[in-house]
2 protein chains.
Amino acid sequence: MVRLETAVLAKNDALAERNRAWLAGRQILALNLVSSPGSGKTSLLERTIRDLGADRQIAVIEGDQQTTFDAERIRATGAPTVQVNTGAGCHLEADMVWEAFKVLRPESGALVLIENVGNLVCPALFDLGEAAKVAVLSVTEGEDKPAKYPHMFQASSLILLNKIDLLPHLSFDLDRCVGYARDVNPDAEVLPISVTTGDGLDRWYEWIGRQMEELADRAFA
Amino acid sequence: MVRLETAVLAKNDALAERNRAWLAGRQILALNLVSSPGSGKTSLLERTIRDLGADRQIAVIEGDQQTTFDAERIRATGAPTVQVNTGAGCHLEADMVWEAFKVLRPESGALVLIENVGNLVCPALFDLGEAAKVAVLSVTEGEDKPAKYPHMFQASSLILLNKIDLLPHLSFDLDRCVGYARDVNPDAEVLPISVTTGDGLDRWYEWIGRQMEELADRAFA
């Protein structure tokens, strides 16, 4: 079992490197959004497309076990979107993303947002060729999640703490959560946000801007 | 890959049947609680132990990728508890539960509550020998989750919609959520609850009582 898993991961890693090279060649920034179900990823994408979509093309790959609900929501914003249904599968893989690129045909300089299947475990293992993983954690889930699901938070460059508008109605210790996140991943940035009120989203957009600049620096690196 | 997965599942199913037989022999009701991370499973267990623990022994198996936070919370209630850490793994398996039984040594007639790893995908595939799976869905996760993760909700006999005390602060359509749940699983019972306020918990306790009675009926069936 372990050997087969290693083989599956090695094959995926090779395909992810192909994705990464293609993205670098086209100067496209791809971000892999990971979280529990219901953390607010789709709402974050809708809002991000509305706020940044005038400056650059934003294309979206939606991963879900079943339904096309999320792709329909994103399509309503006008952004090109592909839904990938994983059936019994619990995560997106690099070859699914490659097939989605062929349908999406994102233009050079675009931002591609990949919404992974809602799952704090398995997507951590599968590189999709993205520039960075972004973990979204809703404050309704409790502050201990970075410690309980360390692999995902270790694999993420940015951690967005969403739904902070609900903090007055919860017993959630923001500082403790940030502490747990720093324990498992001292290098990650942690940004509290509310997609509902817009709080903190300017810092999310600045972070995306910095990733775009770094991508340009790495074009032939 | 598919063949190996089938072999893994077949092996697990056989071990699950052994667990089920052992539980039937001892007249122990085992429930497998499944959900996204942060749906409130541990809080539900704490409250259930407080409310029902005087009538019968309640023992708990806690599954998490990492940490012993949940076992420590349950231990504080006085209930016997074992924590199983799955490491990179995304679900409990029947053999882990068997090993946990040996440590827990639950008495005849006990209620064993198994809190699975927070994951709406993978635990659906792995029978632990439980009498029933109970899915816990927090209303903060959005009403579409039964449709987007149909395998888990199909596999569950009871669906608890938790955190209904937060409904005034959310745009969550309870009827629509119940509709999605019934679409994927017409046989499941759906109970709205709030562990924080106690709303609806009496119906959860009645449901447990009925499962206990059915277990007695099945002792030699």
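Structure first, text after, so check above.
The sections below set out a description of the structure shown in this document. (Residues numbered from 1 in each chain as written. Chains lettered and ligands numbered in written order. Predicted model: local features only at pLDDT ≥ 70, side-chain atom pairs only at ≥ 80, totals over all residues. Heavy atoms only, no water.)

## Comments concerning the relation of the copies chain A and chain B
Here's step 1: With an axial shift of 0.0 Å and an RMSD of 0.0 Å, the rotation relating chain A to chain B amounts to 180°. Such a combination of turn and shift is consistent with a two-fold rotation axis.
Here's step 2: An overlap of 100% is found between the interface residues of chain A and their copies at the interface of chain B, pointing to a shared contact surface. (Least-squares fit on C-alpha atoms with pLDDT ≥ 70 in both. Contact = heavy atoms within 4.5 Å.)

## Focus on the sheet that holds strand β2 (residues 58–64) of chain B
All names here are of chain B.
Here's step 1: Spatially, seven strands are ordered β3-β2-β4-β1-β5-β6-β7 in an open sheet, and the strand pairing comes out parallel. Looking along the sheet, the strands with just one partner apiece sit at the ends: β3 (81–85) and β7 (189–192). Averaged over neighbouring strand pairs, the angle between their axes works out to 20° when direction is ignored.
Here's step 2: Here strand β1 (residues 29–35) runs beside strand β5 (residues 132–138); their pairing, made up of five bridges, is parallel. Bridged to Val 34 within β5 is Ala 135.
Here's step 3: Packing against the sheet, helix α2 (residues 41–52) makes contact with β1, β2, β4 (111–115), β5 and β6 (158–162), and its axis sits at approximately 175° to β2. (Pairing = 2+ DSSP bridges. Helix = DSSP H or I, 4+ residues; strand = E, 2+ residues; numbered from the N terminus. Axes fitted to C-alpha atoms, helices over the stretch in contact; angles between N-to-C directions.)

## Structural notes on the sheet that holds strand β2 (residues 58–64) of chain A
Residues and elements named next belong to chain A.
Here's step 1: Pairing is parallel across the open sheet formed by seven strands, whose spatial order is β3-β2-β4-β1-β5-β6-β7. Every interior strand has two partners, whereas the edge strands, β3 (81–85) and β7 (189–192), have only one. Taking the axes of each pair of neighbouring strands and ignoring which way they run, one obtains an average angle of 20° across the sheet.
Here's step 2: Taken together, the four bridges between strand β6 (residues 158–162) and β7 define a ladder with parallel strand orientation. Directly across from Ile 159, in β7, lies its bridge partner Val 190.
Here's step 3: Sheet strands in contact with helix α2 (residues 41–52) are β1 (29–35), β2, β4 (111–115), β5 (132–138) and β6, and its direction is about 175° off that of β2.

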